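As a plain string of letters, each chain reads:
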Amino acid sequence: NAGVTQTPKFQVLKTGQSMTLQCAQDMNHNSMYWYRQDPGMGLRLIYYSASEGTTDKGEVPNGYNVSRLNKREFSLRLESAAPSQTSVYFCASSDRDRGVVPFGSGTRLTVV
Amino acid sequence: DAKTTQPNSMESNEEEPVHLPCNHSTISGTDYIHWYRQLPSQGPEYVIHGLTSNVNNRMASLAIAEDRKSSTLILHRATLRDAAVYYCILRPPEWRGNQFYFGTGTSLTVIP
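Residues numbered from 1 in each chain as written. Chains lettered and ligands numbered in written order. Predicted model: local features only at pLDDT ≥ 70, side-chain atom pairs only at ≥ 80, totals over all residues. Heavy atoms only, no water.

A. Up close: the environment of B:Phe102. Residue and element names in this part refer to chain B. Position of Phe-102 among the secondary structure elements: in the loop between strand E8 (84-91) and strand E9 (106-111). Of the residues examined, Phe-102 reaches a relative accessible area of 7% and is grouped as buried. C-alpha separation for the pair Phe-102 and Tyr-36, spaced 66 residues apart in sequence, amounts to 9.3 Å. (Helix = DSSP H or I, 4+ residues; strand = E, 2+ residues; numbered from the N terminus. Buried < 20%, exposed > 50% of the residue type's maximum accessible area, 1.4 Å probe, protein only.)

Here it is as C-alpha cells:
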C-alpha cells in the first residue's frame, strides 16, 4: 500500500516548456487535489477532483490544466511554464467520510 | 468557505505541553475540524480531526469549544521532532465540494 505517489520528485524546466506532473493513489479514494507551496508560504489549492470525471478550480488555477484519468490518477499539466510557477507541488486524496487526507511527498519544480 | 485564524508562531520548551489555538468563527455545522502538520522539507501529515467532541490519539488531543467557533490542538509533551508548521483546516462535506484549504498555519519552535 503505497498511499499517494507523485512523479517526478524534481524537475527543471525552461520558460515556455510544458510538462505533466503525475499523481496516483491506491486507497480507492474519490477525491484528489493538487496544491502548490511557494517558499515560506502555506499550501494553496490549484485544482481538485471530487470524483472520477469531475474537476474544479481551486484558489490559483491560472496556468494549469488537470485530468482525472481514472479513479487512481490525477495529473497536473503546465502548458507553458513560467518562472512564477517555480514551487513545490503536492498531491493529496481523500474519501467520502472526511477522515485522513494523505499527501504525496511533493514535486520540486524550478522554471528558469 | 469558512476561514481559520492561527498565530503565526509559537515557542515551547521541550517536554512541556503545547496548546495551539485556532479560531473559526464562521464554521458551518457540517464542517469537520482537521489539524495537519508539515515538518521541514516534507509534505503535510495528518494529526487529528473532530466534529463536536474532544478527540485524543497517539499524537495529540483536540479540544473543541462548545460553540465550535474555536479549537485547540494539544501536544502533551513537546519534543524536538514536533517542530513544524501546524495547520488548522475546516473540511466541508462532500455535497459542498469537499475542498480542503490551508491557511497560513502556526510555526512551532521547540526549545531544548
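B. Here's a closer look at the packing of aromatic side chains. All names here are of chain B. This model, assessed by the stated rule, comprises twelve aromatic pairs over all chains. Their ring planes at 80 degrees and their centres at 5.1 Å tell us that Tyr-87 and Phe-102 sit as a pair that is edge-to-face. Taken together, the residues Tyr-87 in strand E8 and Phe-102 in the loop between E8 and E9 connect sequence positions 15 residues apart. Looking at Tyr-87, the relative accessible area reads 2%, which means it is buried. Geometrically, the ring pair formed by Phe-100 and Phe-102 is edge-to-face, given 5.9 Å between the ring centres and 85 degrees between the ring planes. The exposure class of Phe-100 is buried, given its relative accessible area of 0%. Note that Lys-3 overlies the ring of Tyr-101, its terminal NZ or CZ placed 5.5 Å from the centroid. (Phe/Tyr/Trp six-rings, centres within 6.5 Å; stacked < 30°, edge-to-face > 60°. Lys NZ or Arg CZ within 6 Å of the ring centre and 35° of its normal.)

C. Summary view of the state of the cysteines. All names here are of chain B. The final tally for this structure, using the stated rule, is two disulfides over all chains. Each sulfur of the disulfide joining Cys-22 and Cys-88 lies 2.1 Å from the other. Around the S-S axis, the bridge from Cys-22 to Cys-88 shows a dihedral of about -80 degrees and counts as left-handed. Here the residue Cys-22 occupies a position in strand E2 (residues 18-23), and Cys-88 occupies one in strand E8, the gap between them amounting to 66 residues. Across this residue pair, the class does not change: Cys-22 and Cys-88 are buried. (Disulfide = S-S within 2.5 Å.)

D. Structural context of the pattern of salt bridges. All names here are of chain B. In this structure the tally under the stated criterion is six salt bridges over all chains. For the salt bridge of Glu-15 with Arg-77, the shortest nitrogen-to-oxygen distance reads 3.3 Å. With a gap of 62 residues between them, Glu-15 in the loop between strand E1 (9-13) and E2 and Arg-77 in the loop between strand E7 (70-75) and E8 connect regions that are remote in the sequence. Classification of Arg-77 by relative accessible area gives exposed; the value is 53%. Here Arg-37 makes a salt bridge to Asp-82, at a shortest N to O gap of 2.9 Å. (Salt bridge = Lys/Arg side-chain N within 4 Å of Asp/Glu carboxyl O.)

Read these as layout, nothing more, since geometry by itself doesn't imply function.
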